Amino acid sequence: MGRNKVNLLTKLLISYLLVLLFPVMILLFYYYPYSAEVVKQKELDWNAHITEQFMTSMDTFTRYVYNLPFELVQNREFRMYRAEEIDYQRVLIANEMKKYNATDAFIYNTLLYVKNIGYLFSKTGSAYMLEDMAKPGVGFYYENWPYEDLVETLDTLDATIVRSVEDVVIPGNNRMRMLTFLQPLPVGGSHSPGAVLIMVREDTILRMMKSVSETYRGEFFIFDGQGKPLVASNGSLYRSSDDLSRLVDGMGQTAGPVSGIHKINGVSYLVSATVSEKNGWKYVSMLPESATLQGIRTIQRNTALLVGLILLLEVIVIYVSIRKNYHPIKRLVEVATALFEPGASKPMNEIETIRYTLNGLSAANSRLDEEVKGTLPFMRDNVLLELVNGHFTAWSEFEREAVRAGIVLNGPMLTVAVFSCEAERGGETNRVLEFCKARESELPEGMRGYFFKSMYHHEIILVCSHEADVSAKGRLAQLQDALQANIGEKTLVGIGSPAEARCPHGAHVSYLQALRTVEQLRLGGTSRILSFEEIEVSPSGTVSYFAELLQSLELSILKNEAAQVESLVERIIGYIGGEGLSPHMLRSVYLNTASVIFNGLQRFRDDDQRLLRLTDAAFQPRYTLEQMTGILRESSAKLCEMIRETLPASPRSADREDILAVLEAKCLDPNCSLQLMADHFGMSVSNFSHHFKKTVGQNFKETLDRLRIQKSAQLLRESEEALDAIAVQVGFTNTSSFIRTFKKIVGTTPGQYRQTHRS
């Protein structure tokens, strides 16, 4: 083996060994020391999230518990001061309590204590004397709460008391563990008529704990504001040491959730703790550190063993391959040379050639990554635009596209808002969009949103998900002020109604409401930001009045009454400018009126390019009231001018011969109508209809049908064409109408007529 070849093989062997040693070094110097810390941090974050979720669920369910006494006091059927005088009143109270039986599955039972008669009324409709609470199996017997203390507490209760979970013997001698809320009836002063005793089963709360995460293996604890334990999934752990008590006493010093690793009874736990802002309760979840790291330790040991075996096998394979077979390396070099032509000035050996090729592949991959990342903003905007435009029929379709574009909308509610820039230049709108996108991360807690450009250059759309109790209007008003202060751009903001998340139709409706609200702001001019719920609905009478005007305008255009058209357009303009029309309806009135006028213009000049350009300009989205009225006046004046030019200066001859001659010339045209003939002779439709019947001897429709049937009979006799083709040639729009008319006039169907006259 030559000296050069030996050197090359040596270099290759060393390089391969270095490549294999590199992941081993990473495993030894990075993966082993830091993988455990990463896992612990992830578990801490997840633990904190679970704790927050459980606290939120408990706050939601206990809200009803704290509101129940006020609801009972508001019930006029509870006349507790008269219960001692009238026996029927006690029956009435028991029946009224049944209405609260299905109020909340969280509550096991609710007892209304009426002080002056010594009775407790259950939400199941049962009534218990106060003495029954001292009898196991008759009333609700608290094993660790002496009866005398219970009576004294109920009679002197002036503030809410929450008793820790304890054993209670319920009627029927069944034993349950209950969390008990005691609350006075809030009537004011020190003479409360009674109290409310609310019982929640411990297993109900524990099931709620586990329902937050089915895979969670830790322990949950709930403490009141003074650190007294209320509920514990593992009571022995709390009672066996003071470590947990000291940890709970230190809570509340900092806002928000608290996470960390603490030793309890000499065992390390991943602890997450948080304090409720609703009632001051402290929630603690604990996960043993050993359980967290058990899986990663096993993976580390197995990985080390596997890497060692792979390393040994690879060393043997590489050595044998390089030693015994040098040709695969040469073929690899040939492929690399074919992919990337080396651009270096000096000759390169095999290793340098492969290195050069790998560098080229890496550079190409980096460029591809940059191109893909560059398209993500466009993908995101397109997906969101399709969402608000109603292109997604199901939320699952949107989610598939959203994941690819990096969109996260996971709140329970979804709101769409539209920012309308007053500047006409697209560059100013782009500045506003960049400013808004830069502040997407500054949206308040509980809100996640994305800004993107609308199909109109002056509009920017915001789609945001949020909690049900979060209002977007306040934050958007601040953003609106920041836009004017920082870049000097004035905007109008319309906010649609919140819709339920996971519903594409709701997002589409919210977007349409936001567009309508922006139009209200632009034309009304009363404020700069508005929610759809704040729009006042116009009375239905204004809509019906405009419908009558629009119908009269269409009829006047069809009858070619130019003076009436001018009068009606002026009345509609006055209607638009009046105070009785809501701004959000103004554009709709304008568009409908403009459509009627331009349809009339198209009757006279359907191929006029100037008319097409005028039509396109009339339907631009950002006209002011003055511009709208100007367009209506200009287009109606043009229409009236065309009407006057089309009508003859004096009525034409309308004797019988002239009328029949014109009708015979036009009868095969599907558009031949009484209106067309009346326009030809310069008469109104009603006058021409009367004149036609008087002159010809039958009405216009009968004469027109008879001429068409005569021509069709000729075609049936002389040609082999199908009935559909013949019907079209003689002016009928559909074959069934042709057959029906033919049989009415001739007495037979067209097919029978053709067979008869052939024979």
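Keep in mind it's a predicted model, so treat the numbers as computed, not measured.

**Brief notes about the nonpolar core**
One finds Phe-54, Met-58, Leu-112, Leu-179, Ile-205, Ile-222 and Trp-281 to be the most contacted residues of the largest nonpolar core, which totals 40 residues. Residue contributions to this core peak at 9 residues, all from helix H1 (residues 3-74). Once you skip the residues sitting within four places of it in the chain, Ile-222 turns out to touch Phe-54, Met-58, Ile-205, Met-209, Lys-228, Pro-229, Leu-230, Val-231, Trp-281, Lys-282 and Tyr-283. In this structure, Tyr-575, Ile-576, Ile-631 and Met-642 belong to the second largest nonpolar core, which totals 27 residues.

**Regarding the pattern of salt bridges**
For the structure on display, the rule yields 14 salt bridges. In this structure, Arg-502 engages Glu-399 in a salt bridge whose closest nitrogen and oxygen atoms are separated by 2.8 Å. Taken together, the residues Arg-502 in the loop between strand E17 (499-500) and helix H13 (504-524) and Glu-399 in helix H10 (residues 395-405) connect sequence positions 103 residues apart. The shortest N-O distance in the salt bridge between Asp-481 and Arg-528 comes to 3.7 Å. Pair noted here: Asp-481 is in helix H12 (residues 473-487) and Arg-528 is in the loop between H13 and strand E18 (529-531), with a separation of 47 residues, a long-range link. Overall, the relative accessible area of 44% leaves Asp-481 in the partly exposed class. Members of the salt-bridge network, linked through shared partners, are Arg-380, Asp-381, Lys-437 and Glu-440.

**So, the packing of aromatic side chains**
Counted by the stated rule, this structure contains 18 aromatic pairs. On the numbers, 5.7 Å between centres and 75° between planes, the contact of Tyr-128 with Phe-140 is edge-to-face. Pair noted here: Tyr-128 is in strand E3 (residues 127-129) and Phe-140 is in the loop between E3 and strand E4 (141-142), with a separation of 12 residues, a long-range link. Just as Tyr-128 is buried, Phe-140 falls in that class too. Judged by centre distance (5.1 Å) and plane angle (80°), the rings of Tyr-142 and Trp-145 are edge-to-face. For the pair Tyr-142 and Trp-145, one class covers both residues: buried. One aromatic cluster is present, built from ring pairs that chain together Phe-681, Phe-688, Phe-692 and Phe-700. Just above the ring of Trp-145 sits the side chain of Arg-163; from NZ or CZ to the centre is 4.1 Å.

**Re the pairing of strand E13 (residues 413-421)**
Where burial is concerned, most of E13 is hidden: 9 out of the 9 residues are buried. Here E13 shows two buried faces, one formed by Met-413, Thr-415, Ala-417, Phe-419 and Cys-421 and the other by Leu-414, Val-416, Val-418 and Ser-420. In this structure, E13 lies alongside strand E15 (residues 459-466), joined through 8 bridges in antiparallel fashion. When the bridges of E15 are listed, Val-416 appears paired with Val-463. Here E13 runs beside strand E16 (residues 491-495); their pairing, made up of 5 bridges, is antiparallel. When the sheet's bridge partners are listed, Val-418 is paired in E16 with Gly-494.

**Let's talk about the confidence of the model for the protein chain**
Residues with a pLDDT of 70 or more make up 76% of the protein chain, whose mean pLDDT is 77. Mean pLDDT values over the elements of the protein chain span from 56, in helix H17 (residues 609-618), up to 92, in E4. Here residues 1-6 is modelled with pLDDT under 50, and outside its nearest four sequence neighbours on either side it reaches 4 contacts, counting other chains as well.

**So, the sheet that holds E4**
Taking strand neighbours across the sheet as the criterion, the 7 strands line up as E3-E2-E1-E7-E6-E5-E4 in an open arrangement whose pairing is antiparallel. Sheet topology places E3 and E4 at the edges, where each strand pairs with a single neighbour. Of the strand pairs in this sheet, strand E1 (residues 109-114) and strand E2 (residues 119-122) are connected by 4 bridges, and their pairing is antiparallel. Among the inter-strand pairings, Leu-112 is bridged to a residue of E2, identified as Phe-121. Packing of helix H4 (residues 202-212) onto the sheet brings it into contact with strand E5 (161-170), strand E6 (174-184) and strand E7 (194-201), and relative to E7 it is tilted by some 55°.

Rules used throughout
- Residues numbered from 1 in each chain as written.
- Predicted model: local features only at pLDDT ≥ 70, side-chain atom pairs only at ≥ 80, totals over all residues.
- Heavy atoms only, no water.
- Core = buried A, V, L, I, M, F, W, Y, C linked by side-chain atoms within 4.5 Å.
- Buried < 20%, exposed > 50% of the residue type's maximum accessible area, 1.4 Å probe, protein only.
- Helix = DSSP H or I, 4+ residues; strand = E, 2+ residues; numbered from the N terminus.
- Contact = heavy atoms within 4.5 Å.
- Salt bridge = Lys/Arg side-chain N within 4 Å of Asp/Glu carboxyl O.
- Phe/Tyr/Trp six-rings, centres within 6.5 Å; stacked < 30°, edge-to-face > 60°.
- Lys NZ or Arg CZ within 6 Å of the ring centre and 35° of its normal.
- Pairing = 2+ DSSP bridges.
- pLDDT = per-residue confidence, 0-100.
- Axes fitted to C-alpha atoms, helices over the stretch in contact; angles between N-to-C directions.

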